[in-house]
Amino acid sequence: MRSYYDFSGGVRGKYAKRYAEGTNVVVLDPDVASVFRDAQAVNETLRAVARIIDLQARTAGRTNRSRRRPKAGRA
């Protein structure tokens, strides 16, 4: 520790509770970060991707159900 650091006004554990509740820090690669202007743009894009994934999963579920063969003994 450098001698000129002054922590005399610091508060021990100031952010401990918030940290314990969970953090979601994600570090983007520089090429990815250059595409987004701010956190809101990243969040909007991720929400859109999440909706697409959800829609694809629902569509795949319908497709799989319609292809099932009826169980023996049922018409």
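Residues numbered from 1 in each chain as written. Predicted model: local features only at pLDDT ≥ 70, side-chain atom pairs only at ≥ 80, totals over all residues. Heavy atoms only, no water.

*Asks:* I tried to follow the overall build of the protein chain on my own but got confused; where do I start?
*Replies:* Within the protein chain one finds three helices and zero strands. Taken from the N to the C terminus, the helices and strands of the protein chain come in the order α-α-α. (Helix = DSSP H or I, 4+ residues; strand = E, 2+ residues; numbered from the N terminus.)

*Asks:* Explain a nonpolar patch on the surface to me, please; I cannot follow it from the model alone.
*Replies:* Side chains of Met1, Tyr4, Tyr5 and Phe7 sit close together on the surface and give an oily, nonpolar patch of about 600 Å² of accessible area. Within the fold, Tyr4 resides in the segment before helix H1 (16-20). On the accessibility criterion, Tyr4 (60% relative accessible area) is exposed. (Patch = residues over 30% accessible without salt bridge, like charges linked within 9 Å, V, L, I, M, F, W, Y side chains within 5 Å. Areas by Shrake-Rupley, 256 points an atom, 1.4 Å probe, with all protein chains shown as cover. Salt bridge = Lys/Arg side-chain N within 4 Å of Asp/Glu carboxyl O. Buried < 20%, exposed > 50% of the residue type's maximum accessible area, 1.4 Å probe, protein only.)

*Asks:* Just to check I follow, could you spell out the pattern of salt bridges for this structure?
*Replies:* Under the defined criterion, the tally for this structure stands at one salt bridge. Here Asp54 and Arg58 are joined by a salt bridge, their closest N and O atoms 3.0 Å apart. Highlighted residues: Asp54 and Arg58, both in helix H3 (residues 39-66), separated by four residues, approximately one helical turn. Assessed through its relative accessible area of 35%, Asp54 is described here as partly exposed.

*Asks:* Got a minute to help me understand the confidence of the model for the protein chain in this structure?
*Replies:* On average, residues of the protein chain score 86 in pLDDT, and 83% of them reach the 70 mark or higher. Mean pLDDT across the elements of the protein chain ranges from a minimum in H1, with 86, to a maximum in helix H2 (residues 30-33), with 95. (pLDDT = per-residue confidence, 0-100.)

*Asks:* When you look at the packing of aromatic side chains in this model, what are you seeing that I'm missing?
*Replies:* How two aromatic rings sit relative to each other is given by the distance of their centres and the angle of their planes. Enumeration over the complete set of coordinates arrives at two aromatic pairs. Note on Tyr4 and Tyr5: the rings are 5.2 Å apart at their centroids and 70° apart in plane angle, and the pair reads as edge-to-face. Of the residues examined, Tyr5 reaches a relative accessible area of 41% and is grouped as partly exposed. Ring-pair connections join several aromatic residues into one group, and the members of that group are Tyr4, Tyr5 and Phe7. (Phe/Tyr/Trp six-rings, centres within 6.5 Å; stacked < 30°, edge-to-face > 60°.)

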